[in-house]
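Descriptive analysis of the structure
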Amino acid sequence: MGGFTVEGGHRLEGCLTVQGSKNGALPLLAASVLVSGTTCLRNCPDLTDTRYALLILNGFGCKTSFHNNTAVIDSTAADRFCIADETMREMRSSIVFLGALLGRFGRAEVSAPGGCEIGLRPIDLHIESLRALGCVIEEDGSRLRCSCPNGLRGATVALSFPSVGATENLLLAASVAKGRTRIINAAREPEIVELAGFLNRCGARISGAGEGILEIEGVASLTGCEAAVSGDRIAAVTYMTCCAVTGGRLTVRGVDYNSLMPLVAPFEKAGCRLEHERGEIRFFAPQRLKGFGMVRTMPYPGFPTDSQAAFAAMLCASDGTSMIVENIFESRFKYIAQLNKMGADIRVEGRIAVIQGVERLHGAAVESPDLRGGSALVTAALGAQGVSRVTGVQYIDRGYENFEGVLSSLGAVIERK
Ligand code: UD1
């Protein structure tokens, strides 16, 4: 199986323009089947998940192309509304196509995503809220057969948790529903603001994105447009933690500093410094990182669950103790057993990980359990003494474009073989 060989201890320094956002691109790709005509998405990251999303669109009958990080999707001939079970298994976030299909065809057939590497990903909130808009959803084994016998109708939907995926599905379907929809306790993630902004440019009437209450005045139809996917805030943080474990410095371009605000204080507590000026973020790491007390993962603008593993890896060789409470997904600490193989001292009790900083990690053979857990193992390996072998890179490839190439350009010694 392919893997990365990483020689630790080389200081990372330099400048990088961060890739387009995976979590930003996927809902826009889903939206492209809802809108009529052609959608052109620039700065689309070249990832396995992007390729799967384009295959799903082809399955609906859309014409797609993808060159130089630009995806072009023509939905004119789309006439199918099913996603095969195997595709749903490969990319669980494909549930976001549900709202787009319902908006376009008034029908959809997908499978429930089920369990995955980071724990169960239930879709009860998606189903409940789409039902509130007039969808009839029948569960037939693992398949969901959805239809809207009387069309989509606006409604007030109060989410019991500000689910990112459920908010995205609601935005997509409600944009073309009859009448007004209000989403109470909507997710406030930057990716929601990005999707709402894109849909508005296609003709939707959405207000309140980024706040807890969203209002959508349904319109008859939407027309495709051109947009650039935002820079990936999670990838930016990953590269900062990679730099931090080597005591390096980094200039990061192409990502909105405001989207990183929830991370600034935790980075500072660990002894790092961030400056931002004229669209550039400068990141400085100390000689020795400090334990940073406690952090809890929360919906935005809280500390993101997607950066939890990166921070744990960064703090393994810090001076002091750190504690991370994972509140979003129940099974997101699988990578910790692998970090402990590298000499880390981390204990997990339920949703809490306690990291006792050690002097230095040592190289080891480790296996990625999931996307962010896998990239965190590379972070740890970059700061460790000696050589590490990180396998399971297919997970890392789902979220990072040319991960080893970017790290090598900053001075890391990493090879894929
Ligand atoms: C989550 C993250 C998002 C991240 C994405 C990719 C949060 C709040 N969401 O989004 O920032 O970009 O993963 O890693 O941090 N839930 C239900 N029922 C549902 C839907 C969700 O119980 O129908 C629960 C989940 O089990 C989980 C929580 O809500 O505990 C977060 O879910 P949600 O925001 O929907 O997850 P994603 O959309 O995957």
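These remarks concern the structure in this document.

About the criteria used
Position numbers for residues count from 1 along each chain, tracking the sequence in the order it is written. Residues qualify for local features only when their pLDDT is at least 70, as the model is predicted, and side-chain atom pairs are given and counted only at 80 or more; totals for whole chains, interfaces and linings, by contrast, use all residues. Side-chain descriptors were evaluated using all non-hydrogen atoms of the structure, hydrogens and water having been removed beforehand. Under the scheme used here, helices are H or I runs from DSSP no shorter than 4 residues and strands are E runs no shorter than 2 residues, and both carry numbers assigned from the N terminus. Think of it in three bands: residues with accessible area under 20% of the maximum for their type are buried, residues over 50% are exposed, and the middle band is partly exposed, with areas taken using a 1.4 Å probe on protein chains only. Between two residues, a contact is recorded if the distance between any of their heavy atoms is within 4.5 Å. In short, Shrake-Rupley with a 1.4 Å probe defines the accessible areas, and a residue's cover is counted only from the protein chains shown. We score Asp and Glu as negative and Lys and Arg as positive, and we do not count His or the chain ends. The atoms used to mark charge sites are NZ of Lys, CZ of Arg, CG of Asp and CD of Glu. When DSSP locates at least two bridges between a pair of strands, those strands are taken to pair. To estimate the expected span of a helix, subtract one from its residue number and multiply by 1.5 Å. Polar contact is the term for a pair of N or O atoms within 3.5 Å; when the atoms are in protein, one must be able to donate a hydrogen and the other to accept it, and sequence-neighboring residues count only if both atoms are side-chain atoms. The rule for a residue being near a molecule or strand is that one of its heavy atoms must lie within 4 Å of it. Under the grouping applied here, Gly and all other residues not named as nonpolar or charged are polar, the nonpolar ones being Ala, Val, Leu, Ile, Met, Phe, Trp, Tyr, Cys and Pro and the charged ones Asp, Glu, Lys and Arg. Each domain's extent is set by a domain assignment, obtained either automatically or from a database. Classification of ring pairs rests on two measures: the distance between centres of Phe, Tyr or Trp rings, Trp counted by its six-membered ring, which must be within 6.5 Å, and the angle between planes, read as stacked under 30 degrees, edge-to-face over 60 and tilted in between. For the purposes of this section, nonpolar cores are sets of buried Ala, Val, Leu, Ile, Met, Phe, Trp, Tyr and Cys residues that join through side-chain atoms within 4.5 Å. For this analysis, a salt bridge means a side-chain nitrogen from Lys or Arg found within 4 Å of a carboxyl oxygen belonging to Asp or Glu.

Brief notes about the overall build of the protein
Helix and strand counts for the protein come out as 14 helices and 25 strands. By principal-axis analysis of the C-alpha atoms, the protein measures approximately 65 × 45 × 40 Å. Burial statistics for the protein: of 417 residues in total, 57% are counted as buried. Counting only contacts in the protein whose residues sit at least 6 apart along the sequence, the fraction spanning at least 24 positions is 71%. Accessible surface, the protein: about 15900 Å² in total, of which carbon and sulfur atoms supply 49%. Computed over 42 positive and 43 negative side-chain charges, the inter-centroid distance for the protein is 2 Å.

Quick look at the pairing of strand E22 (residues 352–356)
Every second residue of E22 is oriented toward a common face, the buried set being Ala-353 and Ile-355 and the non-buried set Ile-352, Val-354 and Gln-356. Both strand E20 (residues 321–325) and E22 contribute to a ladder of five bridges, which runs antiparallel. Each bridged residue has a counterpart across the sheet, and for Ser-322 the counterpart in E22 is Ile-355. With five bridges joining them, strand E21 (residues 345–349) and E22 adopt antiparallel strand pairing. When the sheet's bridge partners are listed, Glu-349 is paired in E22 with Ile-352. Turn length for the E21-E22 hairpin, with the two strands adjacent in sequence and antiparallel, is two residues, and the turn residue Gly-350 shows positive phi of about 60°.

Details of helix H6 (residues 164–175)
In this model H6 runs 17 Å from its N-terminal to its C-terminal C-alpha over twelve residues, within 8% of the 16 Å that 1.5 Å per residue would give. By the N-cap criterion, in which a side-chain oxygen at the helix start approaches the backbone nitrogen of a residue two or three places on, H6 is capped by Ser-163, the distance to Gly-165 being 3.5 Å.

Observations regarding the side chain of Ser-129
Looking at where Ser-129 falls in the secondary structure, it is placed in helix H5 (residues 124–132). For Ser-129, a relative accessible area of 2% gives the class buried. Ser-129 has contacts with Val-157, Leu-159 and Leu-170, leaving out every residue within four places of it along the chain.

Observations concerning the site of the ligand
Near the ligand you find 17 residues, and of these Asp-124, Leu-125, Ser-163, Val-164 and Ile-328 are the closest. Between the ligand and Asp-124, the relevant distance is 2.7 Å, taken from a nitrogen atom to a side-chain nitrogen or oxygen of the residue. At 2.5 Å from an oxygen atom of the ligand is found a side-chain nitrogen or oxygen belonging to Ser-163. Relative to its free-state accessible area of 720 Å², the ligand is covered by the protein chains to the extent of 83%. Counting residues per element, the ones that place at least two in the shell around the ligand are H5 and H6. If you tally residues by element for the shell around the ligand, the top one is H5, at three residues. Residues belonging to the shell around the ligand are distributed by class as follows: eight nonpolar, five polar and four charged. In terms of domain composition, the shell around the ligand takes at least three residues from each of domain 1 (3–18 + 231–416) and domain 2 (22–220).

Comments concerning the packing of aromatic side chains
If you walk through the whole model with that rule in mind, you get ten aromatic pairs. With a centroid separation of 6.0 Å and an interplanar angle of 50°, the aromatic rings of Phe-81 and Phe-105 are classed as tilted. Highlighted residues: Phe-81 in the loop between strand E5 (70–74) and helix H3 (85–90) and Phe-105 in helix H4 (residues 97–105), separated in sequence by 24 residues. Note on Phe-81: relative accessible area 19%, which makes it buried.

Points about the environment of Ala-77
Among the secondary structure elements, Ala-77 is positioned in the loop between E5 and H3. Spatially, the C-alpha atom of Ala-77 lies 7.7 Å from that of Lys-63, the residues being 14 residues apart in sequence.

So, the nonpolar core
Grouped together as the largest cluster of nonpolar side chains are 74 residues, with contacts concentrated most on Leu-29 and Leu-199. Filtering out sequence-adjacent residues up to four positions away, Leu-199 remains in contact with Ala-31, Leu-34, Leu-171, Leu-172, Ser-175, Ala-204, Ile-206 and Leu-222. Met-314, Ile-346, Ala-384 and Ala-412 belong to the second largest nonpolar core, which has 71 residues in total.

What about the pattern of salt bridges?
With the rule as written, the count across this model stands at 24 salt bridges. The shortest N-O distance in the salt bridge between Glu-275 and Arg-273 comes to 2.5 Å. Between Asp-397 and Arg-416 there is a salt bridge whose closest N-O contact spans 2.9 Å. Within this pair, whereas Asp-397 is found in the loop between helix H13 (393–396) and helix H14 (403–409), its partner Arg-416 is found in strand E25 (residues 413–416), the two being separated by 19 residues in sequence. Among the residues examined, Arg-416 registers a relative accessible area of 37% and is labelled partly exposed. Connected through salt bridges with shared partners, the residues Arg-253, Arg-273, Glu-275, Glu-277, Arg-278, Glu-280 and Arg-282 form a single ionic network.

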